[in-house]
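Coordinate analysis (summary)
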Amino acid sequence: MSQKILLSGNEAIALGAFEAGLRVASAYPGTPSTEILENISTYEGIYAEWSPNEKVAYEVALGASFAGARALVSMKHVGLNIAADPLFTSAYTGVRGGLVVITADDPEMHSSQNEQDNRNYAFAAKVPMFEPSDPSEAKEFVKLAFQLSEEFDTPVLVRTTTRVSHVKGLVNKGEIVTSKIKPGIEKIPEKFVMLPANARLRRKELDKRFVRLREFADSFEHNKTEYNDKKIGFITSGISYLYVKEAFPDASVLKLGMVYPFPEKIIKEFAKNVEEIFVVEELDPFIENYVKALGIRCKGKELIPAAGELNPSIVRASITGEKSTALFEPVKIPNRPPNLCPGCPHRGIFHVLSKLNVFIAGDIGCYTLAALKPLSAMDSCICMGASIGNALGMEKALGKDALGKIVAVLGDSTFIHSGITGLIDVVYNKGFTTVLILDNRTTAMTGHQPNPASGQTVKGDISTMLDIEALCRAIGVKNVYTVNPNDIEETYKIVKQEIERPEPSVIITKAPCVLLPEMKKRKDKSLYIIIPEKCTGCRSCLKIGCPAIEWVPITEEDAKKLGFKEKQKGYSIINAALCDGCGQCVTLCKFKAIALSGDKSGKR
Amino acid sequence: MEKGNIIFCGVGGQGILLASEITSFALMKAGFDIKKSEVHGMAQRGGSVVAHMRFGDKVYSPLIEPGTVDIALAFEMLESLRYLPYLNKNSRVIVNTQKILPSSVSTGIETYPENILEELNKKGLTVFPVDAFEIAESAGEIRAVNMALVGALSVFLPVEEKLFHDVISEHMPEKIRKVNTDAFIKGRSIIKKLQEVNNKS
């Protein structure tokens, strides 16, 4: 009897890969894809790694496939932009062991900087793509993807969205079905060496494969038609299928389990049998354009929003024009945006930078939250590793006028991901950009995955720790400093000095993330308090945006009663449950009202 | 109740995802199909967190439609107001009376709304206030707030109490099992008491 378990889409993908006899898995963390590799790493007998970036991850998985092993590489949607280079060429080489590529898209941008629709990559790279709609299908489709990959000699893309990756649903545990290919070195240069002469021949292979894939799509059991009321027919895929079933339980539906290549015969057949066709899909009109290209009349994006996630109410309202059934209007309440944690070593740096009045070229990580109020200390943020190049470009555009006015800021993991090449450019092209590497020893934003600077692997094994300072010197940066970011005065001094230097410099601000287990458990944590009689209500301490510092408003009467100045509008307190003891706030208070708990003298 | 829509909402770090997980496992053991949707990522950093849970014979969409929530389990008072458009007049709202200040309030830019429970009552909703922090504290572990609330929620679910105890035993390390079970039982009994009071009045 099959055993039912409750899994997220990402956990189900890991299980599906395990049941398919996966041997090698690689990834760079990125929401909503992160838990795929985290779960794979818990299975015995599978090599799993966090790679420095998605391109390397892809190349590792492809290498494993060339050696005849089943391999999987996973990433968030924007990660595939980084890995696009090997993706396109691997469509030419094909595979030996099955190669499955997971792209976890993020409609609605829950935690992303854009909402690109990666189904377009399947089309552009000429690679087949599966799209599961729930965890149960995610497991099944990954298993099928490995089979398809070996049968058709191609990498196979599996696209999830946040609403599949992070949804939990019931999944059946299944049999383990491994590859028939025997791992080992095989030299097949005409297949693996993409010199133009070989690549031209492989291009022909690719085209032949594509014809076979088209035929397969028409016979694929997960491209399935469900006939009910034939007045309305929906063509849909992925999570949108579930929204259609919820909103229109009695309609006919063609659900594409494989969104590329398209099953032409099935679509034509469906069109013949239903009166009116609606294509329901999130983001781009990917399926819709193809249906229209077949000469079939259908409605899609003129009714269904192209931006953001769908849900059953949006689908229903878009088609029928019916308004939402909501009974209560939303009430206006304070927002609760994410924030840097109490004790976060990044907070002090952004306070320093905001005082220096410089353009802060930022990057992707926890520290991107410094863009929010009250720090408001980030002026650009494009993609992983872009900060250094952005800063250099601004500097080159402005020449000497830029000196002392621009800094690049990025984290340790981001620097390793794709910041290193930017720094090389600064040195090589004689820039004077100051780069701050916020080294908190982990990839914090996605949930504390180790990286080459953390000194351990995904399995927790000890590994060689990358020496970022030595690396920067090797790149050719002469001015490299490591500072403790909790020491705001010292950090300010060094940053001020370096931004005015007409040479490249790197300042590594090194302090562990406060959420790392060893930091949470530390015993020598001393907490801070605000001495009420010294607090003047100047609000300087609030500017750093620490969640542990709270403002208590008071009336004039209260002020008198409590012994404050007559016009004092309130005072600050430190929430002992939240204070992490970083001490960054101490230097902000001119009146020495912040002190170590138990030391009311204000001395430190 | 053969099917239902439950919303879990609160602040990152309150154990909302674990609470929704324990509830899902219990519903699974009781034989229901389940879909549960949560958003990770930025929300971990003290932001507003919400999980949608749906159960029944067969569940399609993992998202709850506005106006169709049967039970809202709010881990923080202010957060109970945030998802009002998802509720209807028959919804039950279990509210942890704990306050966690959003940064805009702690920095004095905005004020924390007063009379939240009255506000909910005025809308005709059935409100069950629970001091889950106090329950957790008396059970000996302030982090057991989430199990106190699961206990409160369990009263309204078509799941035998024993199944919840089984799930807690299976999913929690031995060290913290007892305090969590105690918090669960206290949370459950508080709702039962409130129900009695409601029935009498």
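The structure we're discussing is the one just above.
A short tour of the structure in this document, coming up. Nothing here was measured: the structure is a model prediction, and the numbers come from that model. (Residues numbered from 1 in each chain as written. Chains lettered and ligands numbered in written order. Predicted model: local features only at pLDDT ≥ 70, side-chain atom pairs only at ≥ 80, totals over all residues. Heavy atoms only, no water.)

The next thing to look at is the overall build of chain A. In terms of regular secondary structure, chain A is built from 20 helices and 22 strands. Its C-alpha radius of gyration of 28 Å places chain A within 12% of the 25 Å reference for a compact globule of 604 residues. In terms of overall dimensions, chain A has a C-alpha envelope of 80 × 65 × 55 Å along the principal axes. For chain A, the proportion of its 604 residues judged to be buried stands at 58%. Carbon and sulfur atoms provide 54% of the accessible area of chain A, an area that totals close to 25400 Å². Taking the average place of the 75 positive charges on the side chains of chain A and the average place of its 71 negative ones, the gap between the two points comes to 3 Å. (Helix = DSSP H or I, 4+ residues; strand = E, 2+ residues; numbered from the N terminus. Rg over C-alpha atoms; globule rule 2.2 N^0.38 Å. Buried < 20%, exposed > 50% of the residue type's maximum accessible area, 1.4 Å probe, protein only. Areas by Shrake-Rupley, 256 points an atom, 1.4 Å probe, with all protein chains shown as cover. Lys, Arg positive; Asp, Glu negative; His and termini not counted. Charge placed at Lys NZ, Arg CZ, Asp CG, Glu CD.)

Another point: the overall build of chain B. Looking only at helices and strands, chain B has eight helices and six strands in total. Going from N to C terminus, chain B has its helices and strands arranged as β-α-β-β-β-α-β-α-α-β-α-α-α-α. Relative to a compact globule of 201 residues, whose C-alpha radius of gyration would be 17 Å, chain B shows 16 Å and is just as compact. Counting only C-alpha atoms and orienting by the principal axes, one finds that chain B spans roughly 45 × 45 × 35 Å. Counting all 201 residues of chain B, 58% fall into the buried class.

Here we come to the environment of Leu87(A). Residues and elements named next belong to chain A. Within the secondary structure layout, leucine 87 lies in helix H4 (residues 77-93). The class of leucine 87 is buried, set by a relative accessible area of 0%. Along the chain, leucine 87 and proline 155 lie 68 residues apart, while their C-alpha atoms are 8.2 Å from each other.

Let's shift gears to the interface of chain B and chain A. Contacts between chain B and chain A engage 53 residues on the former and 53 residues on the latter. Of the roughly 4600 Å² buried at the junction of chain B and chain A (both faces included), carbon and sulfur atoms supply 61%. Inspection of the region where chain B meets chain A yields six salt bridges. Lys168(A) serves as the salt-bridge partner of Glu21(B), at 2.4 Å between the closest nitrogen and oxygen. Scanning the region where chain B abuts chain A turns up 13 residue pairs in polar contact (both at pLDDT 80 or more). Listing elements by their share of the side of chain B that touches chain A, those giving two or more residues are helix H1 (16-29), strand S2 (33-38), strand S3 (48-56), helix H2 (79-82) and helix H3 (103-106) of chain B. A class-by-class count of the residues in the side of chain B that touches chain A yields 22 nonpolar, 17 polar and 14 charged. Where strand S8 (residues 167-172) of chain A lies against S2(B), three bridges are found, and the strand directions are antiparallel. (Contact = heavy atoms within 4.5 Å. Buried area = accessible area lost by both parts, 1.4 Å probe. Salt bridge = Lys/Arg side-chain N within 4 Å of Asp/Glu carboxyl O. Polar contact = N/O pair within 3.5 Å; in protein donor to acceptor, adjacent residues only side chain to side chain. Nonpolar A, V, L, I, M, F, W, Y, C, P; charged D, E, K, R; others polar. Pairing = 2+ DSSP bridges.)

Residues and elements named next belong to chain A. Following the criterion strictly, the structure yields 44 salt bridges over all chains and no others. With a closest N to O distance of 2.6 Å, lysine 191 and aspartate 153 form a salt bridge. One end of the pair, lysine 191, is in helix H8 (residues 189-192); the other, aspartate 153, is in the loop between helix H6 (135-152) and strand S7 (156-161), and 38 residues separate them in sequence. The class of lysine 191 is buried, set by a relative accessible area of 9%. On the accessibility criterion, aspartate 153 (22% relative accessible area) is partly exposed.

The strands making up a sheet associate through hydrogen bonds between their backbones, and the pairing can be parallel or antiparallel. Residues and elements named next belong to chain A. Strands sit in the order S14-S15-S16-S18-S17 across an open sheet of five strands; the sheet is parallel. Bordering the open sheet on either side are strand S14 (359-361) and strand S17 (479-483), each of which pairs with just one other strand. Strand-to-strand, the axes of this sheet are offset by a mean angle of 20°, without reference to chain direction. Both strand S16 (residues 434-439) and strand S18 (residues 505-510) contribute to a ladder of six bridges, which runs parallel. Each bridged residue has a counterpart across the sheet, and for leucine 438 the counterpart in S18 is threonine 509. (Axes fitted to C-alpha atoms, helices over the stretch in contact; angles between N-to-C directions.)

All names here are of chain A. At a minimum axis separation of 10 Å, helix H14 (residues 345-356) and helix H18 (residues 488-499) run at an interaxial angle of 50°. Judged on the interaxial angle alone, H18 and H14 are oblique. Crossing of H14 over H18 shows right-handed handedness. Every residue of H18 that contacts H14 at Gly348, His351, Val352, Leu353, Lys355 and Leu356 is listed here: Ile488, Thr491, Tyr492, Val495, Lys496 and Ile499. Along the lines of polarity and charge, the residues of the contact of H14 with H18 split into seven nonpolar, three polar and two charged. (Parallel < 35°, antiparallel > 145°, perpendicular 65-115°, else oblique. Left-handed = near helix turned anticlockwise from the far one by under 90°.)

This paragraph deals with the pairing of strand S21 (residues 570-574) of chain A. Residues in a regular strand project their side chains so that they alternate between the two faces of the sheet. Residues and elements named next belong to chain A. Of all five residues that make up S21, four are buried, and the element is covered over most of its length. Bridge analysis of strand S20 (residues 549-553) against S21 gives five bridges, and the strand direction is antiparallel. Bridge assignment links tryptophan 551 to a residue of S21, and that residue is serine 572.

For any two helices packed against each other, the geometry comes down to the angle between their axes and how far apart the axes lie. Residue and element names in this part refer to chain A. One can describe the packing of helix H3 (residues 54-66) onto H4 by two numbers: an axis separation of 7 Å at closest approach and a directional angle of 25°. Comparing the axis directions of H3 and H4 gives the class roughly parallel. For the crossing formed where H3 meets H4, the hand is right-handed. Residues Glu54, Lys55, Tyr58, Glu59, Leu62 and Phe66 of H3 touch H4, and the partners they reach there are Gly79, Ile82, Ala83, Asp85, Pro86, Leu87, Ser90 and Thr93. Residues that form the contact of H3 with H4 fall into these classes: seven nonpolar, three polar and four charged.

So, on to the nonpolar core. Of all hydrophobic cores here, the largest spans 81 residues; its most connected members are Ile40(A), Tyr58(A), Leu72(A), Phe130(A), Ile235(A) and Ile287(A). Listed in part, the 76 residues of the second largest apolar core include Val407(A), Val426(A), Leu438(A) and Ile468(A). (Core = buried A, V, L, I, M, F, W, Y, C linked by side-chain atoms within 4.5 Å.)

This part covers helix H12 (residues 286-293) of chain A. All names here are of chain A. Turning to H12, its buried residues are Phe286, Ile287, Glu288, Tyr290 and Val291. On its buried side, H12 packs onto helix H5 (119-125), strand S10 (229-237), strand S11 (251-256), strand S12 (258-260), helix H11 (264-273) and strand S13 (276-280). Just beyond H12, the residue with positive phi is glycine 295, at close to 85°.

Residues and elements named next belong to chain B. With four of five residues buried, strand S5 (residues 92-96) lies mostly within the body of the structure. With four bridges connecting them, strand S4 (residues 71-74) and S5 associate as parallel partners. Its bridge partner being in S5, alanine 74 is matched across the sheet by valine 95. Relative to strand S6 (residues 126-130), S5 runs parallel, the two being bridged by five bridges. Note on S6: the bridge partner recorded for valine 93 is valine 127.

Here we come to empty space enclosed by the protein. A complete count under the given rule lists seven cavities of 30 Å³ or more for this structure. In this model, the largest cavity occupies a volume close to 110 Å³. Residue composition of the lining of the largest cavity, grouped by class: ten nonpolar, four polar and two charged. (1 Å grid on protein atoms, 1.4 Å probe; cavity = no way out; pocket = protein on both sides within 12 Å on 5 of 7 lines; lining within 4 Å. Points joined across faces, edges and corners; volume = space filled by probe spheres on them.)

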